[in-house]
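Given next are the chains, with one letter for each unit.
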Amino acid sequence: MKNITVSIDDEVYRQARIAAAERDTSVSALVRDFLVGLGRSRGDEVEAANSLFAALDQAREFRAGDRLSRDESHAR
C-alpha cells in the first residue's frame, strides 16, 4: 500500500473532517474510497467504450450515400 500527501485549504480539511465524522470514518478513508471509485469509474468507461467499438465492428459497413431520404424515413 502506498502513502500520499495532499495539500488542501484549511476550510476544505475542516469540511472533510465533518463529513468523515458524519460517516463514522476518517478523512484518509474518504480519500481512499474516492480514489478507488475513480478507478472503478474509469474501468467502467473503458469497458463501455470497448463494448461500443465491438458492436460497431460487427455492424455492416455504413456509407453516407446509403441513407434514406427524408420521405423514405417518414413513410409508413
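Residues numbered from 1 in each chain as written. Predicted model: local features only at pLDDT ≥ 70, side-chain atom pairs only at ≥ 80, totals over all residues. Heavy atoms only, no water.

What follows covers the confidence of the model for the protein chain. Mean pLDDT over the protein chain stands at 82; residues scoring 70 or higher make up 93%. By mean pLDDT, the top-scoring element of the protein chain is helix H1 (residues 10-22) (90), and the lowest-scoring one is helix H2 (residues 27-58) (80). (pLDDT = per-residue confidence, 0-100. Helix = DSSP H or I, 4+ residues; strand = E, 2+ residues; numbered from the N terminus.)

Right, let's get into the pattern of salt bridges. One pass over the full model with this rule turns up 2 salt bridges. Across the pair Glu11 and Arg14 runs a salt bridge whose closest N-O atoms are separated by 3.0 Å. Pair noted here: Glu11 and Arg14 are both in helix H1, with a separation of 3 residues, about one helical turn. The partner of Asp33 in a salt bridge is Arg32, with the nearest N and O atoms 3.9 Å apart. (Salt bridge = Lys/Arg side-chain N within 4 Å of Asp/Glu carboxyl O.)

Attention now goes to the layout of surface pockets. Taken as a whole, the largest pocket spans an internal volume of roughly 480 Å³. Ile4, Val27, Ser28, Val31 and Arg32 are, among the 16 residues lining the largest pocket, the residues nearest its centre. For the lining of the largest pocket, the secondary structure elements donating two or more residues are H1 and H2. No other element matches the 6 residues that H2 contributes to the lining of the largest pocket. Looking at side-chain class alone, the lining of the largest pocket contains 11 nonpolar, 3 polar and 2 charged residues. (1 Å grid on protein atoms, 1.4 Å probe; cavity = no way out; pocket = protein on both sides within 12 Å on 5 of 7 lines; lining within 4 Å. Points joined across faces, edges and corners; volume = space filled by probe spheres on them. Nonpolar A, V, L, I, M, F, W, Y, C, P; charged D, E, K, R; others polar.)

This paragraph deals with H1. With 13 residues, H1 extends 18 Å from end C-alpha to end C-alpha; this agrees with the ideal 18 Å at 1.5 Å per step. Within H1, burial applies to Ala16, Ala19 and Ala20. Projected down its long axis, H1 shows its buried positions confined to an angular sector of 100°, all on one face. Counted as exposed and oriented over 90 degrees from the buried face of H1: Asp10, Ala21 and Glu22. Buried residues along H1 sit in contact with H2. The opening residue of H1 is Asp9, an N-cap whose side-chain oxygen sits 2.9 Å from the backbone nitrogen of Glu11. Asp24, located one to two residues past H1, shows a positive phi value of around 55°. (Expected span 1.5 Å × (residues − 1). Buried < 20%, exposed > 50% of the residue type's maximum accessible area, 1.4 Å probe, protein only. Arc of directions from axis to C-beta. Contact = heavy atoms within 4.5 Å. Polar contact = N/O pair within 3.5 Å; in protein donor to acceptor, adjacent residues only side chain to side chain.)

Turning next to unusual backbone geometry. Residue Asp24 is not a glycine yet carries a positive backbone phi of 55°. Following the sequence through the fold, Asp24 ends up in the loop between H1 and H2.

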